[in-house]
Amino acid sequence: MSPLGRELTRGTLILIKQRSNAVLYAQTIGQERTMLPFTLEQFLSVFAAYNTAIWPAQIIAYALGAIAVAAVLWKGRASDRVVSAVLGLMWLSTGIFYHGVFFSSVNKAAFAFGVLFVIEGVALLYTGVVRGRLRFAMSFGLRAVIGAGFILYASLIYPMIGIAAGHSWPTLPMFGVAPCPVTIFTFGLLLMTTDRFSYWLLVIPFIWSIIGGSAAIFLDVRQDWLLLISGFIAVPIVVVGNRHAPAVLAETRLTPSTELSP
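Residues numbered from 1 in each chain as written. Predicted model: local features only at pLDDT ≥ 70, side-chain atom pairs only at ≥ 80, totals over all residues. Heavy atoms only, no water.

### Topic: the nonpolar core
- Counting residues in each nonpolar core, the largest one holds 61 residues, and the members touching the most others are Phe43, Phe103, Phe185 and Leu189.
- Contributions of two or more residues to this core are made by α2 (40-54), α3 (57-73), α4 (79-102), α5 (110-130), α6 (142-164), α7 (179-190), α8 (200-219) and α9 (225-243).
- In this structure, Leu189 is in contact with Ala68, Val72, Val83, Leu87, Phe136 and Ile151, ignoring residues within four places of it in sequence. (Core = buried A, V, L, I, M, F, W, Y, C linked by side-chain atoms within 4.5 Å. Buried < 20%, exposed > 50% of the residue type's maximum accessible area, 1.4 Å probe, protein only. Helix = DSSP H or I, 4+ residues; strand = E, 2+ residues; numbered from the N terminus. Contact = heavy atoms within 4.5 Å.)

### Thoughts on a nonpolar patch on the surface
- A surface patch of nonpolar side chains, amounting to about 370 Å² of accessible area, comprises Leu152, Leu156, Ile157 and Met160.
- You can see Ile157 is positioned in helix α6.
- Here Ile157 falls in the partly exposed class, since its relative accessible area comes to 32%. (Patch = residues over 30% accessible without salt bridge, like charges linked within 9 Å, V, L, I, M, F, W, Y side chains within 5 Å. Areas by Shrake-Rupley, 256 points an atom, 1.4 Å probe, with all protein chains shown as cover. Salt bridge = Lys/Arg side-chain N within 4 Å of Asp/Glu carboxyl O.)

### Quick word on the pattern of salt bridges
- Tallied over the entire structure, the rule returns two salt bridges.
- In this structure, the salt-bridge partner of Lys75 is Asp80, at a minimum N-O distance of 2.5 Å.
- Its relative accessible area of 16% is what places Asp80 among the buried residues.
- Notably, a salt bridge pairs Arg222 with Asp220, separated by 3.4 Å at the nearest N-O pair.
- Residue class for Asp220 comes out partly exposed when judged on its relative accessible area of 37%.

### Let's talk about the packing of α6 against α9
- Interaxial distance between α6 and α9 falls to 11 Å at its minimum, and their mutual angle equals 150°. As judged from the angle between their axes, α6 and α9 are roughly antiparallel. Handedness of the crossing formed by α6 with α9: left-handed. In this structure, α6 uses Arg143, Ile146, Phe150 and Tyr153 to contact α9, whose residues at the interface are Leu226, Ser230, Ile233, Ala234, Ile237, Val238, Gly241 and Asn242.
- The class makeup of the residues in the contact of α6 with α9 is eight nonpolar, three polar and one charged. (Axes fitted to C-alpha atoms, helices over the stretch in contact; angles between N-to-C directions. Parallel < 35°, antiparallel > 145°, perpendicular 65-115°, else oblique. Left-handed = near helix turned anticlockwise from the far one by under 90°. Nonpolar A, V, L, I, M, F, W, Y, C, P; charged D, E, K, R; others polar.)

### Structural notes on α6
- Tyr153 marks the point of greatest bend in α6, at about 50°.
- Turning to α6, its buried residues number three or more, namely Arg143, Ala144, Gly147, Phe150, Ile151, Tyr153, Ala154, Ser155, Tyr158, Pro159 and Gly162.
- The inward-facing, buried residues of α6 abut α3, α7 and α9.
- Gly166 lies just past α6 and shows a positive phi near 100°. (Bend = angle between axes of the 7 residues up to and from the residue.)

Written as structure tokens, this is what we have:
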């Protein structure tokens, strides 16, 4: 090989090595920046596959959410059980399908998250539907106002922020089928409770508010930022409210019933 050919070959090898180092450096920086086992692109690609696969479950989720809110506003004999059933189904389906089937493809911890969501779904169904120990009603106190704000945020404001941040269909996390809006919606409805209930129902939503909210900060998923503080807002209000359950019952003009002590 001529000296010129050797120099060209050497230059090419140097460029390839520099490019490889640059790619490796970018990957390392990306991992350090997110501190997560997946990137934003992978996260959004999971939602794209998930939303496409479960369509039109998103519309059904909005319909169920509207039914739950209507059951809180217009009381009937089965209203409380209807609200509990909607919440339980949202947690169960999100745990099984989103975490277990789709999110686990980029994050193996999703299997554990799925188990937690299934446990919460079963607990809500057992407590609220089987035993009838969750009572919901609309009042005009600060607790109910915050609860209504969470419900409005999860169902309407959440997707609007996502669209404004550049997340379009099908990568957009949707109400009722994505873990973060489901958690915020749950906090909103639990703030509408008028009777005491087991604090265990708050544990998994609170845990996910920290896990999901922290990930949202690292990934810059802005519609999930409220999730990080939602648990710190809702849980103390519910705990304090449980200690004054008779007053809440009087405010909403409900007949007092047997209470489940935390």
